[in-house]
Amino acid sequence: RSQQFSTGLEFKKDILILGAGGFLRHGMDLIDWTRPSSNDIWQATNLGKVDFRGLDFSLKISPSRDQAVLGIKQFAFSYNYISAKKKASGFLSKYALDILKHRYILSIHQNIFGLSLSWDMSYNERYYGEKYFLGNLYVGKKITGKGFTAEPFISIDNLANTKYSEVGGVLQPRRWMRGGIKCSW
């Protein structure tokens, strides 16, 4: 069971958007896999009460075509912070407390030589201390005709080939590429 409260503000002026928000979630009777140390086996445990608090801040700049530098359509930066305050201590949590504590995200969307490029870079720090950098790149070229649009694309995720896990120690894919054609008519 949980109760959640959240709030946020957004300010828009010309090419600028600023945002800020926060939340508070009271978790009760949370069940998770826990262990006293990394040498012990996981056991199902009732964590009791866990309070999560979070803040986020964002900045987006979307210049007009005549203001764009290097074809940048949008520049965005955001920061997210989450803390967990548990009433019990002395154990490791596999899922409920394995959260991103800090996350910084930088996104740049640009048009260069008729290509659409999207760069997404993030620095992530998990509750138990794991820190890693991720970068993704999308390159596409829109082709329009009578009544249809096709966009051949290539997407590369985890550019730096970072070894990391998201939840419960599950390793995520290293660098991977995909390509295709998006069509609409």
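Keep in mind that what you see is a predicted model, and the values were worked out from it rather than measured.

Chemist: Before we move on, could you go through the packing of aromatic side chains and cite the residues and values that matter?
Modeler: Counted according to the given criterion, the structure contains 4 aromatic pairs. Pairing Tyr104 with Tyr123 gives two aromatic rings, centres 6.1 Å apart and planes at 40 degrees, and the pair type is tilted. In this pair, Tyr104 sits in strand β6 (residues 100-112) while Tyr123 sits in strand β7 (residues 115-126), placing the two residues 19 residues apart along the sequence. For Tyr104, a relative accessible area of 35% gives the class partly exposed. Residues Tyr138 and Phe153 carry aromatic rings whose centres are separated by 5.6 Å and whose planes lie at 20 degrees to one another, so their mutual orientation is stacked. Placement of the pair is Tyr138 in strand β8 (residues 131-140) and Phe153 in strand β10 (residues 148-157), with a sequence separation of 15 residues. Owing to a relative accessible area of 17%, Tyr138 belongs among the buried residues under this scheme. Taken together, the aromatic side chains of Tyr79, Tyr104 and Tyr123 make up a single cluster linked through ring pairs. The ring of Phe52 has Arg25 sitting right over it, with the charged end atom 4.6 Å from the ring centre. Seen from the ring of Phe153, Lys182 lies directly overhead, with NZ or CZ sitting 5.6 Å from the centre.

Chemist: Please provide a residue-by-residue account of unusual backbone geometry, values included.
Modeler: With phi around 55 degrees, Asp14 is a residue other than glycine that occupies positive phi space. A positive phi angle is found at Phe113, which is not glycine, with a value near 55 degrees. Its place among the elements puts Phe113 in the loop between β6 and β7. We classify Phe113 as exposed; its relative accessible area is 80%.

Criteria and thresholds
Residues numbered from 1 in each chain as written. Predicted model: local features only at pLDDT ≥ 70, side-chain atom pairs only at ≥ 80, totals over all residues. Heavy atoms only, no water. Phe/Tyr/Trp six-rings, centres within 6.5 Å; stacked < 30°, edge-to-face > 60°. Helix = DSSP H or I, 4+ residues; strand = E, 2+ residues; numbered from the N terminus. Buried < 20%, exposed > 50% of the residue type's maximum accessible area, 1.4 Å probe, protein only. Lys NZ or Arg CZ within 6 Å of the ring centre and 35° of its normal.

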